[in-house]
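Okay, here's what each chain looks like letter by letter:
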Amino acid sequence: MRIFFFIFGCAFFFVAEVQSVEAAGGSYSDLTLPRVMYRGGNDNPRPEALRSLLAEVARRTSVEVNREPIAMNISDPEVFRYPFLYMGGDAAFDSFPADDLKILRRYLNYGGFLFIDDNSGRVDSAFSAAVRGMISTLFPQNPLGKISREHSIFRSFYLLNAVSGRTIVKSYLEGISIKGRTVLVVSSNDHGGAWSRNKLGHWNYDVLAGGYRQRQLAIRMGVNIIMYALTLDYKKDMVHLPIILERMRRYNPR
Amino acid sequence: MNLLAKLLGVPSEEYNHWQLHWLSEDTAVILTTLGIVVPAALWFFWTSLNRVSTRARKLLLFALRLGAFTLLLLVLLKPELEFQKSQSLRNSIAVLLDNSESLSIKIKTIADESSRIDLIKNAVDANVAYFESLEKDFNVDYYFFSDDIEKVAAGTVKNTYRAHRPYTDFTRVFDALVERYPAQSLRGVFLFSDGADLTQEVGEISRNMTATLKELGSPVHTLQAGSNVGFKDLAIEAVSAADFGFVQQPARISLTVFASSMGNRNVPLVLKEGDRILVSKIIEVREDTKRFETELEFTPENAGKRIYTISLPKFAGEVIHINNEKELEINVVRDRIRVLHLNGRPSWDSRYLREVLAHNPKVDLLSFFILRNLGDDVQAPVSELSLIPFPSNLLFDDYLSSFDLTIFQNFKYDPFIDKKYLGNIRKYVENGGAFLMIGGELSFQGGGYSRTAIEEILPVSFRDNPRPLVDTAFQPVLNEEFSRHPILRLEKDAELNQGAWRSLPPLQGINIGLFPDKSAQVLVQHIAEKKSAIPILVTGNFGDGRTALLATDSVWNWNFRNVGGGGSGRYFQRFWNNVIDWLIAEPETRRLQLESDKERYRAGEEVLIKFKLLRRNYQPAVNATAQLILKPLKKKSAVKTELKTDEQGGGVFPFLPAAEGFYTATVAADLDGESLTEEIMFSVLQDTAEFEKPLVNETLLKKISEITGGKYHFLNGEDDLSAYRFANPNVQIKSRSWSFSLWDNWWVYGMVVGLLVADWYLRRKSGLS
């Protein structure tokens, strides 16, 4: 029994040690996903979401990541060091100050990307209403629209033809495109909840209804969103089309 | 006449004729309207005079009203009296002698091998007496013609008549005659020609020419020189191709092969560039068909002005050999810059560069991102992935030469590219391709490129380092020596340019252990502690190609981070566009720039060769020596001259080509230890259009005479023209005139007013309203 505890203790130490080295070992060029902080509501209902997603990205793709969680306000001068922002929440939040909206508009117009994730798991949640209010102020001439299944987000790494999440509140993603580039994506399905796992590797939240496959599709969508931000419409280049179309014809998972 | 002239104060002795003109444009309308209105008005007026007691007053009132109406009618019709001095005009006969080059064609049916022009000369000589007799009653004017008319004195025709003009166009000739002979004074035309009008379709006459002939209004007697009997010829005619083509894009040349009396045989049609055959085709010539339309398709491989030759074999007995070959010039340009962009892993640096490349309309981008490494666990079968196999064989064996620029961005070749293909990249650059390596963990030593062909072609040597990429924030500094280098030109003005570079945000991360070669150009560097300079942006040449490296993977900061700092991504885009332009050696980035003031010259026209020479650092090479060689394309003789550059590094050389044809101008200079050479081509036109349609056009000549009421005659060497007779009516022409307006003067209006006032006064006196 002592030997068992010794071995178990060593293994635990090793796992914990490896994770802390990985967390601290990010290079300046590694992908970092800052979380947007805001006033009111709850800006971090899924604290493990980004770390978990980045771990999956590192495990599955060639992208080098920095798993160290970072959070910042839109007004932070450093925000333009990170062209990808994640904004989660599960409750109504205060309207963004006009200056912050101006910065965010500039951020998105000139090359940045924002992924907004409704973690409430409810239809027409207070967070969703606040997000939509913010977006209508941000881009009054460019309303939020459904993202088509033909969009590169559905093929930037995995071939997907469904939108998953911890819950499936909406069967689609919404977004805003500027000059042919999607700059903002909104999920109503609590993707962060599906991604989150603790340091021991256990899932933090159960997915509703779909089980393992649903969670895997949510992770794949997370990977695809990051890949889209990094490569844009690369997968729509002519060189990829014949193979991708053939695979999409054969593969029709749900 | 005299009385009228005296009345109006016109000197009658100066004019012998007068004429009345009605200037109103709507005379018929006015007369019709007044013809209805005036009688009705006069009738009403006459009936209103019933209360006038005396008949005399009644008549007087009516006369006054009638007079007023008459004067008003005059004003409306605007009469004008013209006094003229007219004189009789001597009528003219025009003798048109075709002097186009097709008249030099020999006539096989005549034993002594006379040419068409000899037939005309003989006919004119034989009928000298007839023409002299015509001169008693007519002006007999002689003209040489081709696409215009040139008047010649009768006495000089014999000595100056030769077939040399390059183009025949009868319509323009008849237009010129119409303009030259007004008032129907041209009573007849003799047209000596072979009828080979290049503007007319075979067997047809154009509407324009028909209209011009009708306007001419004189009989045109056509006298045909030569015939098509036994005319043996194989010719390339009607070559049609775009003036420019695109590299690696099929170009098409449409042409017609003409064959006369060639029998039934298969003839090879060949398209060549220099001595290299590009394409050949068999034309099945048949006796019963004269023209064979065909197309030649080929793919230009290199940009620049290219001279192509289309040729048919020359057969014995052909009347003309010059038309068996045709040269044409096509300016081959890049339709788009083909860029191969390989990324070792997705990153912000590669994302922003891809955006610039993808949005540049000049760039045709093929990019590959390595999205997954061998050790990655994608947790899905391949069929659920969008990843495709990396086509290294196709890219680096078959199609590498089709790219203008290859970019390796943070890309480790192993295991995606076999090492042997790195040698292909070296050959590709050696042959004029361009290569750029952008930094990151997987570049240079980190990518395993030490002691490979890539190290050889890059302008640096690698020194192995356990940490080849250091995480250092730094502000890049321009190397002052290369401040005029085209890559560094973010702004045209030197000071603004320096400011633009200083305004850019700092970068982070440097690939170290890169040591510039002697010939390398270090454009941007980082001055580290102890003042050691670390190269950041280095350019160089390898063979005929250009290479560059960027020893950092954070240039994207000049775009997005700059936006965050209140700037824009403009300089980022310009920087990359400059890099691309320089790497693919766009003309404005070359150190030796050569051009001619025109692309095509006429024979006898002066050619200006201009060149500019820049030093290694792109400063003007003042007072430098360059050698210019001007050479006809197919001859060995060449003009060689040594030139000195001026203060701007430029030079101009005027040159008068001795003959028609295609020329090459080559400028060579040894500067800063490098041999620079540039070559351009220009053409001095050799117009052989006359021999593209060399057949005698009998139909056209017959139709001309038929339309104008003239006669057609075939010149056979025994030609008597004395039967040709011309009407000689008296034609008067106006030499002087003086006009007098009968309505636009004060006394007409005065009389109208006077008559109406008198009418009104008498009516009042007579008790009328």
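Everything numeric in this text was worked out from a predicted model, so none of it was measured. Every chain is numbered on its own, with residues counted from 1 as its sequence reads. Key to labels: chains lettered from A, ligands numbered from 1, both in the order written. Given that the model is predicted, a residue must reach a pLDDT of at least 70 before its local features are reported, and side-chain atom pairs must reach 80 or more before they are shown or counted; all residues, however, enter totals for whole chains, interfaces and linings. Based on all heavy atoms of the structure, the side-chain values leave hydrogens and waters out of the count.

**Thoughts on the overall build of chain B**
And step 1. Strands are runs of DSSP state E lasting at least 2 residues, helices are runs of H or I lasting at least 4, and numbering of each runs from the N terminus. When helices and strands are tallied, chain B shows 17 helices and 37 strands.
And step 2. The C-alpha atoms of chain B give 43 Å as radius of gyration, which overshoots the globular expectation for 769 residues (27 Å, by more than 25%).
And step 3. The principal-axis extents of the C-alpha atoms in chain B amount to approximately 135 × 95 × 65 Å.
And step 4. Relative to its 769 residues, chain B shows a buried fraction of 51%.
And step 5. For this analysis, residues touch if any pair of their heavy atoms sits within 4.5 Å. Of the contacts formed within chain B by residues at least 6 apart in sequence, a portion of 74% connects residues at least 24 apart.
And step 6. Using the Shrake-Rupley algorithm and a 1.4 Å probe, accessible areas are obtained, with residue cover drawn only from the displayed protein chains. Element-wise, carbon and sulfur atoms account for 50% of the exposed surface of chain B, whose accessible area totals about 36,900 Å².
And step 7. Charged side chains in chain B number 88 positive and 97 negative. The centres of these two groups are separated by 6 Å. Two things to know: the radius of gyration comes from C-alpha atoms, and the globule rule equals 2.2 Å times the number of residues to the power 0.38. Relative accessibility thresholds used throughout: buried, under 20% of the residue-type maximum; exposed, over 50%; partly exposed, between the two (1.4 Å probe, protein chains only). We treat Lys and Arg as the positive residues and Asp and Glu as the negative residues; His and chain ends play no part in the count. For the purpose of locating charges, the reference atoms are NZ of Lys, CZ of Arg, CG of Asp and CD of Glu.

**Side note on unusual backbone geometry**
All names here are of chain B.
And step 1. Omega for the peptide link from aspartate 414 to proline 415 comes to 10°, which places this bond in the cis form.
And step 2. Tracing the chain through its elements places proline 415 in the loop between strand 18 (405-409) and helix 11 (420-430).
And step 3. A positive phi angle, near 55°, is found at lysine 78, a position not held by glycine.
And step 4. The partly exposed category is assigned to lysine 78, whose relative accessible area is 31%.
And step 5. Backbone geometry at phenylalanine 444 places phi at a positive 50°, although glycine is not the residue there.
And step 6. By the element assignment, phenylalanine 444 lies in the loop between strand 19 (434-438) and helix 12 (453-457).

**A short note on the packing of helix 7 (residues 170-180) of chain B against helix 8 (residues 207-216) of chain B**
All names here are of chain B.
And step 1. Think of each axis as a best-fit line through the C-alpha atoms, taken over the contacting stretch in the case of a helix, with angles from 0 to 180 degrees between the N-to-C directions. For the pair helix 7 and helix 8, the least separation of the axes is 9 Å and the interaxial angle reads 25°. Here helix 7 is positioned roughly parallel relative to helix 8, judged by the angle of their axes. Here helix 7 runs over helix 8; the crossing is left-handed. Contact residues: Phe170, Thr171, Phe174, Asp175, Leu177 and Val178 in helix 7; Asn208, Met209, Thr212, Leu213, Glu215 and Leu216 in helix 8. When an angle is under 35 degrees it counts as roughly parallel; over 145 it counts as roughly antiparallel; between 65 and 115 it counts as roughly perpendicular; any other value is oblique. The hand of a helix crossing depends on one turn: near helix anticlockwise from the far one by less than a right angle means left-handed, and clockwise means right-handed.

**A word on helix 2 (residues 27-47) of chain B**
Residue and element names in this part refer to chain B.
And step 1. With 21 residues, helix 2 extends 30 Å between its outermost C-alpha atoms, agreeing within 8% with the 30 Å of an ideal straight helix rising 1.5 Å per residue.
And step 2. A residue's bend is simply the angle between two axes: one fitted to the seven residues ending at it, one to the seven starting at it. For helix 2, the principal kink sits at leucine 34 and spans about 30°.
And step 3. Those residues of helix 2 lying buried are Ile30, Val38, Leu42 and Phe45.
And step 4. Tucked into the core, helix 2 has its buried residues touching helix 3 (55-77) and helix 17 (746-765). An expected span of 1.5 Å times one less than the residue number is assigned to each helix.

**Remarks on helix 2 (residues 49-60) of chain A**
Residue and element names in this part refer to chain A.
And step 1. With twelve residues, helix 2 should cover 16 Å at 1.5 Å per step; its first-to-last C-alpha distance of 16 Å lies within 8% of that length.
And step 2. Along helix 2, the residues classified as buried are Ala49, Leu50, Ser52, Leu53, Leu54, Glu56, Val57 and Arg60.
And step 3. In this structure, the buried side of helix 2 is in contact with strand 1 (34-36), strand 3 (84-89), helix 5 (191-195) and helix 6 (211-231).

**Brief notes about the sheet that holds strand 36 (residues 712-714) of chain B**
All names here are of chain B.
And step 1. If DSSP finds at least two bridges between two strands, the strands pair. Reading across the sheet, the six strands line up as 5-4-3-6-7-36 and stay open at both edges, with mixed pairing between neighbours. Two strands bound the open sheet, and with one partner strand each, they are strand 5 (149-152) and strand 36. Adjacent strand axes in the sheet meet at a mean angle of 25°, parallel and antiparallel pairs treated alike.
And step 2. Sheet analysis places strand 4 (residues 139-145) next to strand 5, joined by four bridges and oriented antiparallel. Its bridge partner lying in strand 5, tyrosine 142 is registered against valine 152.
And step 3. Against the sheet, helix 4 (residues 116-126) engages strand 3 (92-98) and strand 6 (186-193), with an angle of about 140° to strand 6.
And step 4. Its contacts with the sheet put helix 7 on strand 3, strand 4, strand 5, strand 6 and strand 7 (220-224), and the angle it makes with strand 5 is roughly 55°.

**Some remarks on the pattern of salt bridges**
Residues and elements named next belong to chain B.
And step 1. Whenever a carboxyl oxygen of Asp or Glu lies within 4 Å of a side-chain nitrogen of Lys or Arg, that contact is scored as a salt bridge. Across all of its chains, the model carries 41 salt bridges over all chains by this definition.
And step 2. Glutamate 273 is paired through a salt bridge with arginine 276; the nearest N and O atoms lie 3.6 Å apart.
And step 3. You can call glutamate 273 buried: its relative accessible area is 18%.

**Details of the domain arrangement of chain B**
All names here are of chain B.
And step 1. Domain start and stop points were drawn from an automatic or database domain assignment. When its domains are assigned, chain B resolves into domain 1 (2-87 + 737-765), domain 2 (92-230 + 695-728), domain 3 (233-333), domain 4 (337-583) and domain 5 (589-684).
And step 2. Computed over C-alpha atoms, the centres of domain 2 and domain 3 are 34 Å apart.
And step 3. Opposite the six residues of domain 2 that make contact, domain 3 presents eight residues.
And step 4. By buried area we mean the combined loss of accessible area, with a 1.4 Å probe, across both parts when two parts are placed together. Buried surface at the junction of domain 2 and domain 3, both sides included, amounts to about 490 Å², of which 74% is carbon and sulfur.
And step 5. Put simply, domain 2 and domain 3 have zero salt bridges between them.
And step 6. For the purposes of these results, a polar contact is taken to be a pair of N or O atoms within 3.5 Å, where, inside protein, one atom must be able to donate a hydrogen and its partner to accept one; residues adjacent in sequence count only when each atom of the pair is a side-chain atom. Our count for the contact surface shared by domain 2 and domain 3 stands at zero residue pairs in polar contact (both at pLDDT 80 or more).
And step 7. Side-chain classes are defined by residue name, with Ala, Val, Leu, Ile, Met, Phe, Trp, Tyr, Cys and Pro counting as nonpolar, Asp, Glu, Lys and Arg as charged, and the others, Gly among them, as polar. Across the side of domain 2 that touches domain 3, the residue classes break down as three nonpolar, one polar and two charged.

**Overview of the nonpolar core**
And step 1. Buried Ala, Val, Leu, Ile, Met, Phe, Trp, Tyr and Cys residues that are joined via side-chain atoms within 4.5 Å together make up what is termed a nonpolar core. Within the largest apolar cluster, 159 residues are counted, with the highest numbers of intra-cluster contacts made by A:Ile116, A:Leu184, B:Phe396, B:Phe408, B:Ile425, B:Phe575 and B:Trp576.
And step 2. Among the elements that line this core, the one with the most residues is helix 6 of chain A, at eleven residues.
And step 3. When near neighbours in sequence (up to four residues on either side) are disregarded, A:Ile116 contacts A:Met87, A:Phe127, A:Val131, A:Met134, A:Ile135, A:Leu184, A:Val185, A:Val186 and A:Ser187.
And step 4. Counting 28 residues, the second largest nonpolar core, distinct from the first, contains B:Ala123, B:Val152, B:Val157 and B:Phe190.

**Digging into the pairing of strand 3 of chain A**
Residue and element names in this part refer to chain A.
And step 1. Buried residues dominate strand 3, accounting for six of its six residues.
And step 2. Note: strand 3 against strand 4 (residues 113-118), six bridges, orientation parallel. Residue glycine 89 lies in a different strand from strand 4, and its bridge partner there is aspartate 118.
And step 3. Seen with its strands pointing away from the viewer, a crossover is right-handed when the path leading from the first strand over the helix to the second is clockwise. After leaving strand 3, the chain enters helix 3 (residues 98-109) and then returns to the sheet as strand 4, a path that is right-handed.

**With respect to the side chain of B:Asp141**
Residue and element names in this part refer to chain B.
And step 1. Mapped onto the fold, aspartate 141 is located in strand 4.
And step 2. What makes aspartate 141 buried here is its relative accessible area of 10%.
And step 3. A polar side-chain atom of aspartate 141 sits 2.4 Å from a polar atom in the side chain of tyrosine 181.
And step 4. Setting aside residues no more than four positions away along its own chain, aspartate 141 makes contact with Ser92, Ile93, Ala94, Val95, Lys151 and Tyr181.

**Re the pairing of strand 15 (residues 325-333) of chain B**
Residues and elements named next belong to chain B.
And step 1. The pairing of strand 9 (residues 244-246) with strand 15 spans three bridges and is parallel. Opposite phenylalanine 246, over in strand 15, you have valine 333 as the bridge partner.
And step 2. Pairing analysis gives eight bridges linking strand 14 (residues 304-311) to strand 15, with the strands arranged antiparallel. Bridge pairing links isoleucine 310 to lysine 326 in strand 15.

**Examining the sheet that holds strand 1 (residues 17-22) of chain B**
The pairing of strands in a sheet happens through backbone hydrogen bonds and is either parallel or antiparallel.
Residue and element names in this part refer to chain B.
And step 1. Strand order across the open sheet formed by three strands is 1-2-37, with antiparallel pairing between neighbours. A strand with exactly one partner marks an edge of an open sheet, and here the two such strands are strand 1 and strand 37 (731-741). Ignoring strand direction, the axes of neighbouring strands in this sheet form an average angle of 35°.
And step 2. Summarising the sheet, strand 2 (residues 79-89) and strand 37 pair through ten bridges and their orientation is antiparallel. Looking across to strand 37, one finds that serine 86 is bridged to lysine 734.

**Considering the side chain of B:Glu237**
Residues and elements named next belong to chain B.
And step 1. For glutamate 237, the position within the fold is in strand 8 (residues 233-240).
And step 2. The class of glutamate 237 is buried, set by a relative accessible area of 3%.
And step 3. A polar atom in the side chain of glutamate 237 sits 2.7 Å from the side chain of arginine 291.
And step 4. Every residue in contact with glutamate 237, bar those within four places of it in the chain, is listed here: Leu255, Thr256, Phe258, Arg291, Glu692 and Lys693.

**Quick notes on the confidence of the model for chain A**
Predicted coordinates in areas of low pLDDT are best not read in detail.
Residues and elements named next belong to chain A.
And step 1. Per-residue confidence from the prediction method is given by pLDDT, with values spanning 0 to 100. Mean pLDDT over chain A: 87, with 88% of residues reaching 70 or higher.
And step 2. In the model of chain A, helix 1 (residues 2-24) stands out as the element of lowest mean pLDDT, 38, in contrast to strand 4, which has the highest, 97.
And step 3. Scored below 50 in pLDDT, residues 1-25 shows nine contacts in the model against residues more than four places distant or in partner chains.

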